[in-house]
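A closer look at the structure
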Amino acid sequence: METNVKTTEKKAPSFALSIAAIGILVLFVGGGYIGLGLKVDIMLLCSAACVAIMAMTLGYTYADLEAFICERISKTMSTILIIWAIGTVIGTFIFCGAIPMVIRYGVMLIKPSLVIPMSFVLCAIFSTVTGTSWGSAGTAGVACIGIAAGLGVSLPMTAAAIVCGATFGDKISPLSDTTNLAPLCAGCTLYQHIGSMMWTTTPASLLALAGFFILGHTNQVAADGLPQAALDMIATLDGMFNWSILLIIPFVVIVIGAITKKPPVPTMLAAALLAILIGCFYQGFSIQSGVLSAYSGFKMDMVSGLDATLADPMVSKLLVRGGITSMASIVIIIFCGYAYTSILSGVGFMDTAMKPFTSRIRGRGPLMAAAFCTSFILLALSGITYVSSICLPDMYKRSFLEHGMPARVLSRTIEDGSTIMAPLIPWGTSGLLYASTLGVDVWGSGGYGIYCFTCWLTPIIAILLAVTGVGIYKMNDEEIKKALAEYDAEQDELRHSI
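Everything in this summary refers to the structure shown in the same document. (Residues numbered from 1 in each chain as written. Predicted model: local features only at pLDDT ≥ 70, side-chain atom pairs only at ≥ 80, totals over all residues. Heavy atoms only, no water.)

Our focus in this paragraph is the nonpolar core. Ranked by size, the top nonpolar core spans 139 residues in total, and within it Phe298, Leu319 and Tyr396 carry the most contacts. Membership of the second largest hydrophobic core comes to six residues, among which are Leu401, Met475, Leu484 and Tyr487. (Core = buried A, V, L, I, M, F, W, Y, C linked by side-chain atoms within 4.5 Å. Buried < 20%, exposed > 50% of the residue type's maximum accessible area, 1.4 Å probe, protein only.)

What follows is the structure in structure tokens.
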């Protein structure tokens, strides 16, 4: 018996339709989120719905689009677990007094002129050993913001130093998810990738640190003794917590876990559990409050005998934060963003839109500049760094090889254009997290964006290196031919496997 199975032929998207698919996000995010102040996650969902309709006109079914989305989101679950764990760490580290102690003694010991550069150094060290810029900003960064607030130091400048230090450590840490994802997508080893990043990361960070020292010395603060705001803050903290070297143990647990290469999520949760126990048995808080601090964040009324309405408002602003629920909005945005980008990539809209431009590029400098522009566009459109890591190699790997730049240069370009630039996108996951965690906007009169020196310097240095040929691991003609042959063979194998 003969059966007829009707299949729908899937068409390749046209250039015009691909440009329209990208323009949809510009319309909704630019007009809805930026222009009208609508929720960015809803705007991303609207963009995904429109692109899905476009894909269906090409023969794709809903099941096809759902498969694209589920496959892409499944690859981000480890990062989402880290996000939940970071919220727990922030809430419980405040609950036990660890972060308040750093704030308290930091206000007393650090000179105002050193707060800004020391914020960079401390967050760089912490994110290097933990592998997470977000975790660094949420712990050491929150403490540094507290110190700056108490001493009257500029919060936008301090926040910029925190962000720059945190992203520096994230880039060079072998425990970082983005540092592992970029070489995986580009096709080089982890330590080839880290070594390659030092060519751009080191000079940019040294110049940034010099800039933060200058800002620290030119920042106008109280010259004689602590300002009254700092004294009020210390008095409030002294009435809320007991101080002891015991309080640094949760920090030590995270550092030891990172050094011994233990999984980050169990390490963070173990440190959070220890922080709850310290808060209960040393600070005298209730176990119910400890669990709530992990879930919904620390609250001033967890301290018995404290009238929250009379507490120093700066202390309330710094300490009332954290918990799993504080990270829910970020996770929702990630899911909505991937609903859009998964369809965009799976159907081929992005590749079709970009290929006419990438095929006409000549020279290492213009190629590097184009890669940065594309990476930034992807970042701005999606708000998620992983999009660049996944999409950029497909767009530029062959061009990089043709110009004598191996995979390790492409992998560092991925991070230079995404991890480093991400804090400048106010609707992106990184920008949202830094702004909410540190309490400082990305842009505006009180924004940190203008002071994020590494964000501005890194692309400039990368393009200069490409033009001069320094630090790009130049390949000779024979190596180029061999690498291109291997790349073409991989692509042929992939096409035949579909």
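A grouping of Ile245, Leu246, Ile248, Ile249, Val252 and Ile256 is seen on the molecular surface, where their side chains present a nonpolar patch of about 470 Å² in accessible area. By secondary structure assignment, the location of Leu246 is in the loop between helix 11 (228-240) and helix 12 (249-259). The exposure class of Leu246 is partly exposed, given its relative accessible area of 31%. (Patch = residues over 30% accessible without salt bridge, like charges linked within 9 Å, V, L, I, M, F, W, Y side chains within 5 Å. Areas by Shrake-Rupley, 256 points an atom, 1.4 Å probe, with all protein chains shown as cover. Salt bridge = Lys/Arg side-chain N within 4 Å of Asp/Glu carboxyl O. Helix = DSSP H or I, 4+ residues; strand = E, 2+ residues; numbered from the N terminus.)

Attention now moves to the side chain of Ser154. Looking at where Ser154 falls in the secondary structure, it is placed in the loop between helix 7 (133-151) and helix 8 (155-172). For Ser154, a relative accessible area of 19% corresponds to the buried category. There is a polar contact of 3.3 Å between the side chain of Ser154 and the backbone nitrogen of Met157. (Polar contact = N/O pair within 3.5 Å; in protein donor to acceptor, adjacent residues only side chain to side chain.)

One pass over the full model with this rule turns up three salt bridges. When the shortest N-O distance is used, the salt bridge between Arg104 and Asp238 registers 2.8 Å. Linking Arg104 in helix 5 (residues 98-109) with Asp238 in helix 11, this pair joins segments that are 134 residues apart in sequence. Accessibility expressed as a relative area gives 33% for Asp238, which makes it partly exposed. Here Lys171 and Asp416 are joined by a salt bridge, their closest N and O atoms 2.3 Å apart. Residue Lys171 is found in helix 8, and its partner Asp416 is found in helix 20 (residues 407-417); the two are separated by 245 residues along the sequence. Exposure class is identical for Lys171 and Asp416. Each is buried.

Moving on, we come to the packing of helix 10 (residues 190-218) against helix 22 (residues 453-468). Between helix 10 and helix 22, the shortest axis-to-axis distance is 9 Å and the interhelical angle comes to 140°. Every pair of crossing elements has a handedness; the one defined by helix 10 and helix 22 is right-handed. Here Trp199, Thr200, Pro203, Ala204, Ser205, Leu207, Ala208, Gly211, Phe212 and Leu215 of helix 10 lie close against helix 22, whose contacting residues are Phe453, Thr454, Leu457, Thr458, Ile461, Ala462 and Leu465. Residue classes in the contact of helix 10 with helix 22 are distributed as twelve nonpolar, five polar and no charged. (Axes fitted to C-alpha atoms, helices over the stretch in contact; angles between N-to-C directions. Left-handed = near helix turned anticlockwise from the far one by under 90°. Contact = heavy atoms within 4.5 Å. Nonpolar A, V, L, I, M, F, W, Y, C, P; charged D, E, K, R; others polar.)

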